[in-house]
Amino acid sequence: MGFAKKVSAVVLPAGAIALGLVAAQGLESAQGIIKYRKSVMKSQAGHIGAIGAIAKGQVPFKQDLVAHAVALRSTSKMILEAFPEGSGTGDTRARPEIWTEWIKFEQAARNFEKESEKLVQVAKSGDLEQVSSQFLAVAKACKGCHKPFRKKKKK
Amino acid sequence: MRDADDFAEPSLKPISGRMRATPGVLIFFILLIPVGHAVSADADAVARGEYIFRAAAGCACHSTEEGEFLAGGRAIKTPFGTFYGTNITPDEQTGIGAWNDSDFVGAMRMGVSPQGAHYFPVFPYTAFTRMRGQDLLDLRAYLGAVKPVRKENRAHEVTPPLSWRPLLRVWKLLNFTPGEFKKDPTRSPEWNRGAYLAEALGHCGECHTPRNLLGGLNEDMAYAGSREGPEGEIAPNITPDVETGIGTWDVEDVVFFLKSGSKPDGDDVQGLMAEMIDIGFRYLRDDDLRAIAEYLRSLRPIRNEVRAPNDEP
């Protein structure tokens, strides 16, 4: 057995194992990221649902509008970091286009940040009409990302 | 025989809701529809027609995201095959620009093409047959005013024998009751308005009511949701059942949803429904949205789970 062959006999399997480990680790952290970003998204949905309930007049907690809007604005800034490359596989509805069309994705996410910011301003005014109409803009911004970049629900 | 005078007026007579679509009845009603009558589309009719168009969910199946407005091409995946939304712009060669009023009314009320071919029920004439005559003509006026686009229709992908159009005549006998919407005098005007909007225009049941093996709507399960919704999606149960439907939604939730696409839990709707809201329902007046909501709230709650077990936002 020549040296090269010996080396490859040792190195190649070791390399393969190492690569496998790295891949497994990557996968594990991807799963962590996916779980995390779902939590972020769900907390956003929670605040949106709460703002909606106040805007619809179903609950009287007008004084909480600003807090919900501020929370939404804060979490809106967590979106981009929650989509690192490699986090598109696993239990996720993220579409691969997020990473192949990152600029568009980033624009859509920034737009959501912008509309959330406006919602904070409007919430401070306490005018429910304005909140409702800005809510529509926020909902549109959600869709601006979800439509091109989120897979359909599983059947 | 009928007098020529009978054809002179553009009256669209209500068709009895009870009458079945026997071939004789079909031919009779096709004859009843005034032929060759062209109404010059005045601006009022176009404006009214635009509202009808919105209430009919913006005819969302006839547009694609990238393509031109109403020029067709959208794939509607169903258990019976893949159908492609047709070009309904006023282009004379590839759209419906060469149609006259009775062609349009025949298509919407009877599901028959100007050449007399039966349409696949993926085109919801089963709902549109309930539309009032004036609303049909207004809708036509609006569609006649949109930008004409030259784009050939794409052939549907349906396997025989389902693809065999004459069979649709039999399908119609079994599953299609032509006739204008009939008010229920025991209910309020708002309820009747909501019923009309949901049944005739919004055609909610076309996706939210499950279908039988032949593709007819299973009316015993009206609005209880379908796992075989269009585009391979689930159409949720929208009866007021608390656990499996939208029983926890109040009227304001429904109104808000139809305006924003945002559900009470803060998640947003996706797929075809999102489109229907976007081009259609969000333009409706609040009183109309409220009427739809009241109507949906009045439905019999049906327990029917159509969501996937691990469904989450």
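Keep in mind that this is a model prediction, so the values were computed, not measured. (Residues numbered from 1 in each chain as written. Chains lettered and ligands numbered in written order. Predicted model: local features only at pLDDT ≥ 70, side-chain atom pairs only at ≥ 80, totals over all residues. Heavy atoms only, no water.)

Digging into the packing of aromatic side chains
Argument step 1. For the structure shown, the criterion picks out 16 aromatic pairs over all chains.
Argument step 2. Look at A:Phe83 and A:Phe105: their rings are 5.0 Å apart centre to centre, the planes differ by 70°, and that puts the pair in the edge-to-face class. Note that A:Phe83 is positioned in the loop between helix H2 (65-76) and helix H3 (97-100) and A:Phe105 in helix H4 (residues 102-125), a separation of 22 residues in sequence. You'll find A:Phe83 and A:Phe105 in the same group, each marked buried.
Argument step 3. Measuring from centroid to centroid gives 5.1 Å for B:Tyr125 and B:Phe176, while their planes differ by 80°, and the two rings are edge-to-face. Residue B:Tyr125 is located in helix H4 (residues 125-128), and its partner B:Phe176 is located in the loop between helix H6 (167-175) and helix H7 (189-201); the two are separated by 51 residues in the primary sequence.
Argument step 4. Overall, the relative accessible area of 0% leaves B:Phe176 in the buried class.
Argument step 5. An aromatic cluster is defined as three or more aromatic residues linked by ring pairs; in this entry it consists of A:Phe83, A:Trp99, A:Trp102, A:Phe105 and A:Phe149.
Argument step 6. Residue placement shows B:Arg132 over the ring face of B:Tyr196; its charged tip is 4.2 Å from the ring centre. (Phe/Tyr/Trp six-rings, centres within 6.5 Å; stacked < 30°, edge-to-face > 60°. Helix = DSSP H or I, 4+ residues; strand = E, 2+ residues; numbered from the N terminus. Buried < 20%, exposed > 50% of the residue type's maximum accessible area, 1.4 Å probe, protein only. Lys NZ or Arg CZ within 6 Å of the ring centre and 35° of its normal.)

Digging into the interface of chain A and chain B
Argument step 1. In this complex, chain A contributes 23 residues to the contact, which on the side of chain B involves 28 residues.
Argument step 2. Summed over both partners, the interface of chain A with chain B buries about 2300 Å², with 49% contributed by carbon and sulfur atoms.
Argument step 3. Here chain A is connected to chain B by 6 salt bridges.
Argument step 4. A salt bridge links A:Lys143 to B:Asp278, with the nearest nitrogen and oxygen atoms 3.1 Å apart.
Argument step 5. The interface formed by chain A and chain B contains 10 residue pairs in polar contact (both at pLDDT 80 or more).
Argument step 6. Looking at the side of chain A that touches chain B, the elements that each hand over two or more residues are helix H1 (3-55) and helix H5 (128-149) of chain A.
Argument step 7. Here the side of chain A that touches chain B is composed, by residue class, of 6 nonpolar, 5 polar and 12 charged. (Contact = heavy atoms within 4.5 Å. Buried area = accessible area lost by both parts, 1.4 Å probe. Salt bridge = Lys/Arg side-chain N within 4 Å of Asp/Glu carboxyl O. Polar contact = N/O pair within 3.5 Å; in protein donor to acceptor, adjacent residues only side chain to side chain. Nonpolar A, V, L, I, M, F, W, Y, C, P; charged D, E, K, R; others polar.)

Some words on the side chain of A:Arg37
Argument step 1. Within the element layout of this structure, A:Arg37 appears in helix H1.
Argument step 2. A distance of 2.9 Å separates a polar atom in the side chain of A:Arg37 from the backbone oxygen of A:Ala82.

Remarks on the environment of A:Ile48
Argument step 1. Take A:Ile48: it is sitting in helix H1.
Argument step 2. As for A:Ile48 and A:His68, which are separated by 20 residues in sequence, their C-alpha atoms are 7.8 Å apart.
Argument step 3. Residue contacts for A:Ile48: discarding those within four places in its chain leaves A:Leu72, A:Phe135, A:Cys142, B:Ser262 and B:Gly266.

Thoughts on the pairing of strand S1 (residues 75-78) of chain B
All names here are of chain B.
Argument step 1. Note: S1 against strand S2 (residues 81-84), 4 bridges, orientation antiparallel. The residue of S2 that forms the bridge with Lys77 is Thr82.
Argument step 2. Count of turn residues in the S1/S2 antiparallel hairpin: 2 residues. (Pairing = 2+ DSSP bridges.)

A closer look at the confidence of the model for chain B
Argument step 1. Averaged over all residues, the pLDDT of chain B is 87; the fraction at 70 or higher stands at 85%.
Argument step 2. Across residues 33-39 of chain B the pLDDT falls below 50, and counting only partners more than four positions away or on other chains, this stretch makes 17 contacts in the model. (pLDDT = per-residue confidence, 0-100.)

Digging into the packing of helix H9 (residues 251-260) of chain B against helix H11 (residues 286-297) of chain B
Residue and element names in this part refer to chain B.
Argument step 1. Packing of H9 against H11 brings their axes to within 8 Å, and their N-to-C directions diverge by 125°. Classed by the angle they form, the pair H9 and H11 counts as oblique. The way H9 lies across H11 gives a crossing that is right-handed. Of the residues in H11, those in contact with Val251, Glu252, Val254, Val255, Leu258 and Lys259 of H9 are Asp286, Leu289, Arg290, Ile292, Ala293, Glu294, Leu296 and Arg297.
Argument step 2. When its residues are assigned to classes, the contact of H9 with H11 shows 8 nonpolar, no polar and 6 charged. (Axes fitted to C-alpha atoms, helices over the stretch in contact; angles between N-to-C directions. Parallel < 35°, antiparallel > 145°, perpendicular 65-115°, else oblique. Left-handed = near helix turned anticlockwise from the far one by under 90°.)

Some thoughts on the pattern of salt bridges
Residues and elements named next belong to chain B.
Argument step 1. Within the structure shown, the criterion is met by 32 salt bridges over all chains.
Argument step 2. With a closest N to O distance of 3.9 Å, Arg187 and Asp184 form a salt bridge.
Argument step 3. Classification of Arg187 as partly exposed rests on a relative accessible area of 39%.
Argument step 4. Residue Arg290 is joined to Glu252 by a salt bridge in which the shortest nitrogen-to-oxygen separation is 3.1 Å. Remark: Glu252 occurs in helix H9 and Arg290 occurs in helix H11; sequence separation between them is 38 residues.

Some points on the packing of helix H3 (residues 101-110) of chain B against helix H5 (residues 133-145) of chain B
Residue and element names in this part refer to chain B.
Argument step 1. In contact at an axis separation of 10 Å, H3 and H5 are set at 115° when each is read in the N-to-C sense. For H3 against H5, the interelement crossing comes out right-handed. Packed against H3, whose contacting residues are Asp101, Phe104, Val105, Met108 and Arg109, the element H5 presents Gly133, Leu136, Leu137, Leu139, Arg140 and Leu143 at the interface.
Argument step 2. Of the residues that constitute the contact of H3 with H5, the class distribution is 7 nonpolar, 1 polar and 3 charged.

What to know about unusual backbone geometry
Residues and elements named next belong to chain B.
Argument step 1. Each neighbour pair has its own omega, and for Pro160 with Pro161 the value is 5°, a cis peptide bond.
Argument step 2. Take Pro161: it is sitting in the loop between H5 and H6.
Argument step 3. Positioned with a positive phi, Ala57 is a non-glycine residue whose angle comes to about 65°.

Some words on the side chain of A:Ser76
Argument step 1. Mapped onto the elements of the fold, A:Ser76 is located in helix H2.
Argument step 2. The contact partners of A:Ser76, leaving out residues within four places of it in the chain, are A:Gln44, A:Phe112, A:Glu113 and A:Ser116.

Regarding H5(A)
Residues and elements named next belong to chain A.
Argument step 1. Taking 1.5 Å per residue as the helical rise, H5 with its 22 residues ought to reach 32 Å, and the 31 Å between its terminal C-alpha atoms agrees with that figure.
Argument step 2. Looking only at H5, the buried set comprises Val131, Gln134, Phe135, Val138, Ala139, Ala141, Cys142, Lys143, Cys145 and Phe149.
Argument step 3. Of the residues that open H5, the one with a side-chain oxygen 3.0 Å from the backbone nitrogen of Glu129 is Asp127. (Expected span 1.5 Å × (residues − 1).)

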